[in-house]
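Inside the fold
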Amino acid sequence: MPDPAARDAAEEASAFSHPAVDPDASAAYGAHPDQVVDFYAPRDGRTNAPLVIALHGGAWRAPYDRRHLTPFVDFLARRGFAVASVEYRRGSDIPRQGGAAPVAGRWPETFDDVAAAMDAVPELAAAHLPQADPRRIVLTGHSAGGHLALWAAARHVLPAGSPWRLPSPPALRGVVALAPIAHFDRAVELGVCGGAVTELLGGEADFVPRAAHADPALLLPTGIATTVVQGRDDIVVPPAVAEAYAEAAAKAGETVGCTLLEEAGHFPLIDPAADACAVVAEEIAQLAW
């Protein structure tokens, strides 16, 4: 049996080995340099293509931006999807006092940006990606981006008074969350991404009140078709996190699809060279078409 850490390192190296793919167009949804969306047209030239909104991962930390997701985004474009890849503000490059890794996320800016981007994408796509059909939008995201995708689909069930709350469900065909950090308590128990969840919420003192506005497991049911795709051998965001989210959904009276991939870890889900990536595209297609 291969060493889990060595396997994870090899899978990460493969996913990050592909050259970045430049977008066909980009547009700002705000004044900050990170408030930008990249657009990728379907490579087969089709029109009225389903629009996939993609949110990258990286533990909400600054070193990881949307560029590392571009091979996956291009893979979807080659499968006939129109894609909008969203950038958002992440934590600073400087670790918290006593920490080793760059700080994870900004409160409330990370959430401000995802909400603003989601609201802006349909109009921006109409101008910059005319091949897209705004009536068929599927939201996807990997890891921390999977968390943000689930959160963005749940804005209509945010607590009253939340600045991000929508009056009605967003116009989505569904969500395909890839190894998402979907259940905060379970992720903290497992030490996912070196305490990134607690950092995202600003520290232990703010964890409980802010989790009510940010934890997908507390924002259920959504009424939106949701599928989680998870590598069974994932040691970065273990399957137990997705399973806890699915259990929370079931308790709320909602069924969440959960596709567990054998012999796959965290990174094959976004690696065009991996079979897992084709499974992800198929799950998106099931909702989009």
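Just so you know, these numbers come straight off a predicted model, no measurement behind them. Within any chain, residue numbers begin from 1 and follow the written order of that chain's sequence. Selection of residues for local features in this predicted model requires a pLDDT of at least 70, selection of side-chain atom pairs for listing and counting requires 80 or more, and totals for whole chains, interfaces and linings are taken over all residues. Hydrogens are left out, water is left out, and the side-chain values use all remaining heavy atoms of the structure.

Attention shifts here to the sheet that holds strand β5 (residues 132–142). With mixed pairing, eight strands are arranged side by side in an open sheet as β1-β2-β4-β3-β5-β6-β7-β8. Lying at the two open borders of the sheet, with one neighbouring strand each, are β1 (25–28) and β8 (257–261). Taking the axes of each pair of neighbouring strands and ignoring which way they run, one obtains an average angle of 20° across the sheet. A pair of strands counts as paired when DSSP detects no fewer than two bridges linking them. Under the scheme used here, helices are H or I runs from DSSP no shorter than 4 residues and strands are E runs no shorter than 2 residues, and both carry numbers assigned from the N terminus. Bridging between strand β3 (residues 49–55) and strand β4 (residues 82–86) involves five bridges; their strand directions are parallel. Along β4, the bridge assignment pairs L51 with A82. In what follows, residue pairs with any heavy atoms lying within 4.5 Å of each other are defined as contacts. Lines are fitted to the C-alpha atoms to define the axes, a helix being fitted only along its stretch in contact, and any angle between axes, read from their N-to-C directions, falls within 0 to 180 degrees. Contacting β2 (36–40), β3, β4, β5 and β6 (174–178), helix α2 (residues 70–78) runs over the sheet at an angle of about 160° to β4. Taken strand by strand, helix α4 (residues 144–152) contacts β3, β5, β6 and β7 (226–231), and its axis lies near 135° from that of β5.

With that settled, consider the state of the cysteines. Note on disulfides: each one is a pair of cysteine sulfur atoms within 2.5 Å. Under the defined criterion, the tally for this structure stands at zero disulfides. No disulfide involves C193; its sulfur sits 18 Å from that of C258, the nearest cysteine.

Our next topic: the confidence of the model for the protein. Summarising the model, the protein shows a mean pLDDT of 96, and 97% of its residues fall at 70 or more. A score from 0 to 100, pLDDT tells how confident the predictor is in each residue. Averaged over each element, pLDDT in the protein is lowest for helix α6 (residues 196–200) (96) and highest for β6 (99).

Structurally, the position occupied by R66 is in the loop between β3 and α2. Not counting residues up to four positions away in its chain, the partners in contact with R66 are V36, D38, H56, S85, V86 and E87.

So, on to the nonpolar core. In terms of nonpolar packing, the biggest core is built from 67 residues, with F39, L51, I53, W60, L139, W151 and I181 touching the most fellow members. Considering every element that reaches this core, the biggest residue donor is helix α3 (residues 109–128), with nine residues. Excluding residues that lie within four positions of it along the chain, W151 makes contacts with F111, V114, A115, L158, W164, H213, A214, P216 and L219. One finds Y40, V73, F81 and V83 within the second-largest nonpolar core, a separate group that totals 28 residues. By nonpolar core we mean a set of buried residues, namely Ala, Val, Leu, Ile, Met, Phe, Trp, Tyr and Cys, connected to one another through side-chain atoms within 4.5 Å. The rule is simple: take the accessible area with a 1.4 Å probe, protein chains only, and divide by the maximum for that residue type; under 20% is buried, over 50% is exposed, in between is partly exposed.

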